[in-house]
Amino acid sequence: MRQSVPEVHTFFDEATNAACHIVKDPASNAVAIIDSILDFDAAAGRTHTTHADMLIDVVTRNGWQVAWILETHVHADHLSAAPYLAEKLGGKIAIGANIAAVQKVFGKIFNAGTAFEMDGSQFDRLFKDGDVFAIGNLDVVVMHTPGHTPACVTYVIGDAAFIGDTLFMPDFGTARADFPGGSATYLYASIQRILALPDETRLFLCHDYKTKTRDTFCWQTTVAEQKAKNVHVGGGKSEAEFVDFRTKRDTQLAMPKLIIPSIQVNMNAGKMPAPDTDGDIYLKVPINKL
């Protein structure tokens with residue numbers, strides 16, 4: 001394995017509390033974009049590309065070449081801008097191979113129809129646990145880290161790991177595990193895989209929500225900090241303790257504001273549903289299904 005210290009440039013979107021990361025090979029102009037964001041006004045049913053255009057400007061001004069547009073999972077709280085970025089910048093769109101499990105569950109919930117393939121074929125590449133690919137001279141190791149969703153993966157790149165929604169900042173805790181196909185037991189096991197990385201490994205998160213004692217947004221921590229201080233799993237908490245806590249806490253949480261549009265779009269690799277007979281695009285709202 002080629003080891004290195006990747007450059008990481010993070011762009012935080014306060015509207016969705018989401019962090020998008022551009023990972024650059026320090027020895028070339030190759031980059032990957034991880035967990036991109038498409039702006040969406042739910043009340044008006046309108047999309048815009050302000051956040052994605054900012055990424056495009058940064059990439060083009062620096063002369064970077066996009067090799068990959070990566071998703072850590074099917075997000076339930078923001079829409080992916082992957083197809084738009086791929087059209088403008090190139091790059092292959094990729095996600096974990098268990099995306100098919102998510103598509104089979106939510107394809108039925110949203111009555112996606114027979115034209116919607118539930119095999120992950122909407123993506124350019126599906127990564128299995130242990131797969132290795134490259135961003136220029138950087139090797140990327142894929143870790144299957146389910147629990148929040150069945151298709152969650154972590155991308156380990158040199159001294160950095162991009163962990164999606166498995167862990168939040170140590171003072172905020174961990175992701176929920178009550179979405180269809182989620183599992184607090186699997187989430188605990190996945191977190192332990194991440195915490196088995198070297199203590200100095202930089203962990204880059206997908207979200208932050210501040211806390212009562214922290215008024216700044218943060219998206220980077222370390223394995224050592226998480227092991228020592230994470231309020232949900234730190235200090236050697238057992239699987240039984242975590243599962244009991246996580247299960248009870250999840251019953252108190254409301255659904256994410258953008259879960260209905262996000263899941264429909266993101267399980268389709270960021271593409272909108274096909275136009276209806278009138279030529280317009282519609283998103284469905286399943287009643288009493290979520």
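Residues numbered from 1 in each chain as written. Predicted model: local features only at pLDDT ≥ 70, side-chain atom pairs only at ≥ 80, totals over all residues. Heavy atoms only, no water.

This part is about the pattern of salt bridges. What the rule picks out here adds up to 10 salt bridges. Here Asp-199 makes a salt bridge to Lys-227, at a shortest N to O gap of 2.6 Å. Placement of Asp-199 in the loop between α4 (184-195) and β13 (202-204) and of Lys-227 in helix α5 (residues 223-229) is noted, with a sequence separation of 28 residues between them. One continuous salt-bridge network, built from bridges that share partners, spans Asp-171, Asp-208 and Arg-214. (Salt bridge = Lys/Arg side-chain N within 4 Å of Asp/Glu carboxyl O. Helix = DSSP H or I, 4+ residues; strand = E, 2+ residues; numbered from the N terminus.)

It is the contact of α4 with helix α6 (residues 239-250), at a shortest axis distance of 9 Å, that shows an interaxial angle of 130 degrees. One element, α4, and the other, α6, form an angle in the oblique class. When you trace α4 past α6, the crossing you get is right-handed. Across the interface between the two elements, Ala-184, Thr-185, Leu-187, Tyr-188 and Ile-191 of α4 pack against Glu-239, Phe-242, Val-243, Arg-246 and Thr-247 of α6. Broken down by class, the residue content of the contact of α4 with α6 amounts to 6 nonpolar, 2 polar and 2 charged. (Axes fitted to C-alpha atoms, helices over the stretch in contact; angles between N-to-C directions. Parallel < 35°, antiparallel > 145°, perpendicular 65-115°, else oblique. Left-handed = near helix turned anticlockwise from the far one by under 90°. Contact = heavy atoms within 4.5 Å. Nonpolar A, V, L, I, M, F, W, Y, C, P; charged D, E, K, R; others polar.)

In this structure the tally under the stated criterion is 2 cavities of 30 Å³ or more. For the largest cavity, the calculated volume is near 60 Å³. In terms of lining, the largest cavity is formed by Val-74, Ala-76, Val-102, Phe-106, Thr-149, Pro-150, Phe-179, Pro-180 and Ile-263. When the residues that make up the lining of the largest cavity are grouped by side-chain class, the tally is 8 nonpolar, 1 polar and no charged. Approximately 40 Å³ is the volume attributed to the second largest cavity. Lining the second largest cavity are Glu-71, His-73, Val-74, His-75, Ser-80, Ile-95, Asn-266, Ala-269 and Gly-270. Taken together, the residues that form the lining of the second largest cavity break down as 3 nonpolar, 5 polar and 1 charged. (1 Å grid on protein atoms, 1.4 Å probe; cavity = no way out; pocket = protein on both sides within 12 Å on 5 of 7 lines; lining within 4 Å. Points joined across faces, edges and corners; volume = space filled by probe spheres on them.)

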